[in-house]
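# Descriptive structure summary
Here's the letter readout for the chains.
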Amino acid sequence: MDNDCLPSLVVKNLHAYYGKSHILHGVDLQVNRGEIVSLLGRNGAGRSTTVKAIMGFARATGSVRKAGSEILGRRAFEIANLGVGYVPESRDIFPTLTVEENLILGKKRGRPARWTFDDMYALFPRLHERRKALAGVLSGGEQQMLTLCRALMGDPDVILIDEPTEGLAPMIVEQVGRYLQELERRGLSVLLVEQKMAIAVEISKRVYVMGRGQIVFDGSPEDLRRNSDVRREWLEV
């Protein structure tokens, strides 16, 4: 098998629960090495719960294997140390620390980093301009840039990104798209949770669609473009 096609993340029969509510019902998905895979669906379909379950933030059963090793059941910091990055929809920056201090907190100790401050500032020049500013005074778009970069400072092999373009101006959305393509260029595996089909089909190699806690479509972006039934039933409002 070609190295680029080796699976970085394999999820099988994933069930997840919030209290007594059964949210995910046997989710299967795979992200291969160096590819962007999008997870689409309407609000409430289970997309965010999927990435939270993978990261250990939701009670779950089944299997999540990263580079062949089982990670389901580990704590979130252990999963992060194994090379899985996570960008939550809520952003979760440290508001009383500067931009640069937030990035420092994201750094992984113990091995030379593949990503540097210069890399972050090249991806988002605005962060360089604001590097001494407190994160709490940044705009929503700037906070999203910071969250994306902080996850990279942890030197992940796989990164889970939840709704990175939600509520952002079109110019910032374009920057986020370039960021994602740079991750792919550098060989990272990306599982991207998105609601905007146009973004997902433009940058992804493969697309999953979720509905009612299950995968209802798995195929290429072109397959999804041609499948009007899936789009109408599970994506269009």
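The sections below set out a description of the structure shown in this document. (Residues numbered from 1 in each chain as written. Predicted model: local features only at pLDDT ≥ 70, side-chain atom pairs only at ≥ 80, totals over all residues. Heavy atoms only, no water.)

Turning next to the overall build of the chain. Check the secondary structure of the chain and you find ten helices and ten strands. Taken against the 2.2 N^0.38 rule, which gives 18 Å for 237 residues, the C-alpha radius of gyration of the chain at 17 Å falls within 12% of a compact globule. Along the three orthogonal principal directions, the C-alpha set of the chain runs to about 50 × 40 × 35 Å. A burial count over the chain gives 52% of its 237 residues as buried. Surface accessibility of the chain: about 11,200 Å² in total, with carbon and sulfur atoms responsible for 50%. Within the chain, the 30 negative side-chain charges are centred at a point lying 4 Å from the centre of the 33 positive side-chain charges. (Helix = DSSP H or I, 4+ residues; strand = E, 2+ residues; numbered from the N terminus. Rg over C-alpha atoms; globule rule 2.2 N^0.38 Å. Buried < 20%, exposed > 50% of the residue type's maximum accessible area, 1.4 Å probe, protein only. Areas by Shrake-Rupley, 256 points an atom, 1.4 Å probe, with all protein chains shown as cover. Lys, Arg positive; Asp, Glu negative; His and termini not counted. Charge placed at Lys NZ, Arg CZ, Asp CG, Glu CD.)

With phi around 60°, Asp-155 is a residue other than glycine that occupies positive phi space. Its location among the elements puts Asp-155 in the loop between helix H6 (140-153) and strand S7 (158-162). The exposure class of Asp-155 is buried, given its relative accessible area of 3%. Although it is not a glycine, Arg-212 sits at a positive phi angle of roughly 55°. Residue position: Arg-212 is located in the loop between strand S9 (206-211) and strand S10 (214-219). Look at Arg-212 and you get exposed, because its relative accessible area is 65%.

For Ala-122, the location among the structural elements is in helix H4 (residues 117-123). Sequence-wise, Ala-122 and Lys-196 are 74 residues apart; in three dimensions their C-alpha atoms are separated by 26 Å.

This brings us to the side chain of Ser-48. Within the secondary structure layout, Ser-48 lies in helix H1 (residues 47-54). You can call Ser-48 buried: its relative accessible area is 19%. Discounting residues that sit within four places of it in the chain, Ser-48 has contacts with Glu-89 and Asp-162. (Contact = heavy atoms within 4.5 Å.)

Further remarks concern the sheet that holds strand S4 (residues 59-66). Pairing is antiparallel across the open sheet formed by four strands, whose spatial order is S2-S1-S4-S5. Every interior strand has two partners, whereas the edge strands, strand S2 (21-32) and strand S5 (69-70), have only one. As judged from the seven bridges shared by strand S1 (residues 7-18) and S4, these two strands associate in the antiparallel manner. The residue of S4 that forms the bridge with Val-10 is Arg-65. Its contacts with the sheet put H1 on S1, S2 and S4, and the angle it makes with S1 is roughly 110°. (Pairing = 2+ DSSP bridges. Axes fitted to C-alpha atoms, helices over the stretch in contact; angles between N-to-C directions.)

Tracing the backbone shows Phe-77 in helix H2 (residues 76-81). It is 8.9 Å that separates the C-alpha atoms of Phe-77 and Gly-56, two residues lying 21 residues apart in sequence.

Attention now goes to the packing of helix H3 (residues 99-106) against H6. The contact between H3 and H6 brings their axes to 7 Å, and the two run at 35°. Of the two elements, H3 crosses H6, and the hand of that crossing is right-handed. Residue-level inspection shows Val-99, Asn-102, Leu-103 and Gly-106 of H3 in contact with H6, the latter providing Leu-146, Cys-149, Arg-150 and Met-153. (Left-handed = near helix turned anticlockwise from the far one by under 90°.)

Here S7 lies mainly inside the structure; five of its five residues are buried. Burial along S7 is two-sided: Val-158, Leu-160 and Asp-162 and Ile-159 and Ile-161, pointing in opposite directions, are all buried. Across four bridges, the pairing between strand S6 (residues 84-87) and S7 is parallel. Bridged to Val-84 within S7 is Val-158. Pairing of S7 with strand S8 (residues 189-193), which is carried by five bridges, proceeds in the parallel orientation.

Its 14 residues place the ends of H6 20 Å apart at the C-alpha level, agreeing with the 20 Å of an ideal helix rising 1.5 Å per residue. Burial analysis of H6 places 13 of its 14 residues in the buried class, which makes it a mostly covered element. Phi turns positive one or two residues past the end of H6, at Asp-155, with a value near 60°. (Expected span 1.5 Å × (residues − 1).)

Reading across the sheet, the six strands line up as S6-S7-S8-S3-S9-S10 and stay open at both edges, with mixed pairing between neighbours. The open sheet has two edge strands, S6 and S10, and neither has a second partner. Strand after strand, the sheet turns through a mean of 20° between neighbouring axes, direction not considered. When strand S3 (residues 36-40) meets S9, the two strands line up parallel, connected through four bridges. Looking at S9, one finds that Val-37 is bridged to Arg-206.

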